Amino acid sequence: MIKNILSIAGSDPSGGAGIQADIKAISANGAFAMAAITALTAQNTHGVSGVHLVPPSFVGDQIAAVFSDVRVDAIKVGMIANADIANVVADALRFHSDVPIVLDPVMIAKGGAPLLAEDAIATVRDALLPLATVLTPNLPEAAHLLGLPPATSRREMVAQAKALCARGPKAVLMKGGHLEGEDSPDVLITDTGEHWFEAPRIATRNTHGTGCTLSAALAAQIAKGLPLPDAVAAAKAYVATAIAHADQLSVGTGHGPTHHFANLYA
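Residues numbered from 1 in each chain as written. Predicted model: local features only at pLDDT ≥ 70, side-chain atom pairs only at ≥ 80, totals over all residues. Heavy atoms only, no water.

Chemist: I would appreciate a short explanation of the overall build of the protein chain in the present structure.
Modeler: Each helix and strand counted, the protein chain has 9 helices and 9 strands in total. By principal-axis analysis of the C-alpha atoms, the protein chain measures approximately 45 × 40 × 40 Å. The buried share of the protein chain, taken over its 266 residues, is 56%. Put simply, 67% of the contacts in the protein chain that link residues at least 6 apart link residues at least 24 apart. For the protein chain, the exposed area adds up to about 11300 Å²; of that, 56% sits on carbon and sulfur atoms. (Helix = DSSP H or I, 4+ residues; strand = E, 2+ residues; numbered from the N terminus. Buried < 20%, exposed > 50% of the residue type's maximum accessible area, 1.4 Å probe, protein only. Contact = heavy atoms within 4.5 Å. Areas by Shrake-Rupley, 256 points an atom, 1.4 Å probe, with all protein chains shown as cover.)

Shown next, in the form of structure tokens:
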């Protein structure tokens, strides 16, 4: 049976991140993608130039419409934008505690534009983190959630991931791509301990939307029944392939997207 994945996130008209990346990643990982849009953005490979928020009540209406008709096997939550939308999403998802939730705390775009209002960080931390099956922050996002400087070592990555686990999520996948060095290590903290995922850093500018892509792929793999460490490994392998083949695309002149369907185009 093909699994159904609901992405709750913002839209990227250039196709590399947000809802567009989620739909591609979910589809490429063998599941059926659905979407509830929280915000429209004006952006391209150089950055975000505008954000138009969807009214919170309508975000709730989209989620309710899907659940009233469609079996949802997993949920990916991305760009939330503000506290009102965060509260509406949290209220809607509390009624579906049996559905796995991958929470990607999108706060800052690749080009540096803020995608989460400062006063919404506490709401995301208090209302959404406790609902998450797995939280997938990068180092700056984890630091924002904890009110700390970003981790600069593996030891600090583990400490901050454990501090985030104490906020309620069942697991935290701490993405180490912002660490200096030739490697890009991630660590998964669960109630069974630490699980490290090692990967070489791929030399490319085309990494737009990698966080969205990883979390969406992870939601699909969890829905398909893989245990969390194996689901993370499968999602990371997919993203590594998408990044490795990103230079085959010719999309924009800034930070281009990953190649979500590299395996199909070979």
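Chemist: What is the right way to look at the pattern of salt bridges in this model?
Modeler: If the charged atoms of two oppositely charged side chains come close together, the side chains can form a pair. Inspection of every chain in the model, using the stated rule, returns 7 salt bridges. We note a salt bridge from Asp 126 to Arg 125, for which the minimum N-O separation is 3.9 Å. Note on Arg 125: relative accessible area 19%, which makes it buried. Between Asp 186 and Lys 236 there is a salt bridge, and its shortest N-O distance comes to 2.8 Å. Linking Asp 186 in strand β8 (residues 186-190) with Lys 236 in helix α8 (residues 228-244), this pair joins segments that are 50 residues apart in sequence. A residue is classified by how much of its surface remains accessible, and Asp 186, at 4% relative accessible area, is buried. (Salt bridge = Lys/Arg side-chain N within 4 Å of Asp/Glu carboxyl O.)

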